[in-house]
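# Breakdown of the fold
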Amino acid sequence: MFRNQKNEAISYGIIGLGRFGSALALELARSGAELLVIDKEEEKVREMREYTENAFVVKNLDKKSLLETGIKNCDIVIVCIGERLDTSVLTTLNLVSLGVPQVIAKANSADHGDILEKLGAEVVYPERDMAIRLANRLETSNVLDSIHMSEQLDISKLPVPDCMVGKSVVDIDLRSRFMLNIIAVVNNEAVMQNVDPQYVFRKNDILFLCGSRDGIMRLSEWTEKQA
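The structure displayed is predicted, hence computed values, not measured ones.

## Regarding the pairing of strand S1 (residues 11-15)
Buried residues dominate S1, accounting for five of its five residues. Taking every second residue as pointing to the same face, both faces of S1 are buried, with Ser11, Gly13 and Ile15 on one and Tyr12 and Ile14 on the other. Two elements, S1 and strand S2 (residues 34-39), share five bridges in a ladder whose sense is parallel. When the bridges of S2 are listed, Ile14 appears paired with Val37. Read from S1 through helix H1 (residues 19-30) to S2, the crossover connection turns out right-handed. Here S1 pairs with strand S4 (residues 76-79) via four bridges, running parallel. Residue pairing across strands places Gly13 opposite Val77, the latter belonging to S4.

Structure, rendered in structure tokens:
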């Protein structure tokens, strides 16, 4: 039975080895995380046994079956069952009632997510979030990547625009112009997290900015006009 020793690394449980669950499990396993996985299909579970010995075939995700796997001892459990709403909801409910410290559940719709949140789970929307990230990259072609945190907050990574090279942070004043805050500046392997207002932007700088999607779009439009 799976046991997590306190004061050691965080242990993860993943229920459902579809595309999202399998990708998540592989990334966690490759990072060296302590991992337990569950799926109803033997083939998917067998593939994961290359990465963790705690891989179980479970046909019925009732409370008794979950207890037998030892998943109760995980610090974080992610429910990656999005297609079957009833199974997703009941599994989430069972995990919360078992006292799992943190339950994260995948949702395929807003209604599905509302139910999961009311049960006490943290909800993720993988397909929606990927669509938002792609839309941001398409609408602001100079953005290398972005993370959608909320409706008002994105974290974006972009190369310093040519029009900003040779000018200081205070000269450009992204905060007052676009309501964007500089989280960090990276140049080659050098990372500057506390960016001085007098810092002069250099060619090949990569900026990490925090602010709204609208702010990033306005910055993109402004830099295009300066070109």
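## Focus on the confidence of the model for the protein chain
Mean pLDDT over the protein chain: 85, with 85% of residues reaching 70 or higher. Within the protein chain, strand S7 (residues 145-148) has the poorest average pLDDT of any element, 60, and strand S3 (residues 55-57) the best, 96.

## Some words on the packing of helix H4 (residues 85-97) against helix H5 (residues 110-118)
For any two helices packed against each other, the geometry comes down to the angle between their axes and how far apart the axes lie. Look at H4 against H5: their axes get within 9 Å of each other, and the N-to-C directions meet at 15 degrees. Considering the angle they form, H4 stands roughly parallel to H5. Relative to H5, the crossing made by H4 is right-handed. The residues of H5 that touch H4, namely those facing Leu85, Ser88, Val89 and Thr92, are His112, Ile115 and Leu116. Of the residues assigned to the contact of H4 with H5, the class counts are four nonpolar, three polar and no charged.

## Observations regarding the packing of aromatic side chains
One pass over the full model with this rule turns up two aromatic pairs. When the ring of Tyr199 is compared with that of Phe201, the centres are 5.9 Å apart and the planes differ by 90 degrees; the resulting orientation is edge-to-face. Taken as a pair, Tyr199 and Phe201 share a single burial class, namely buried.

## Some remarks on the side chain of Ser168
Structurally, Ser168 can be placed in the loop between strand S8 (154-159) and helix H7 (169-172). Take Ser168: its relative accessible area is 6%, and that puts it in the buried class. Of the polar contacts made by the side chain of Ser168, one reaches the side chain of Asp171; its length is 3.0 Å. With sequence-adjacent residues up to four places away left out, Ser168 is seen in contact with Pro197, Gln198, Tyr199, Val200 and Phe201.

Conventions used here
Residues numbered from 1 in each chain as written. Predicted model: local features only at pLDDT ≥ 70, side-chain atom pairs only at ≥ 80, totals over all residues. Heavy atoms only, no water. Buried < 20%, exposed > 50% of the residue type's maximum accessible area, 1.4 Å probe, protein only. Helix = DSSP H or I, 4+ residues; strand = E, 2+ residues; numbered from the N terminus. Pairing = 2+ DSSP bridges. Right-handed = clockwise from strand over helix to strand, strands pointing away. pLDDT = per-residue confidence, 0-100. Axes fitted to C-alpha atoms, helices over the stretch in contact; angles between N-to-C directions. Parallel < 35°, antiparallel > 145°, perpendicular 65-115°, else oblique. Left-handed = near helix turned anticlockwise from the far one by under 90°. Contact = heavy atoms within 4.5 Å. Nonpolar A, V, L, I, M, F, W, Y, C, P; charged D, E, K, R; others polar. Phe/Tyr/Trp six-rings, centres within 6.5 Å; stacked < 30°, edge-to-face > 60°. Polar contact = N/O pair within 3.5 Å; in protein donor to acceptor, adjacent residues only side chain to side chain.

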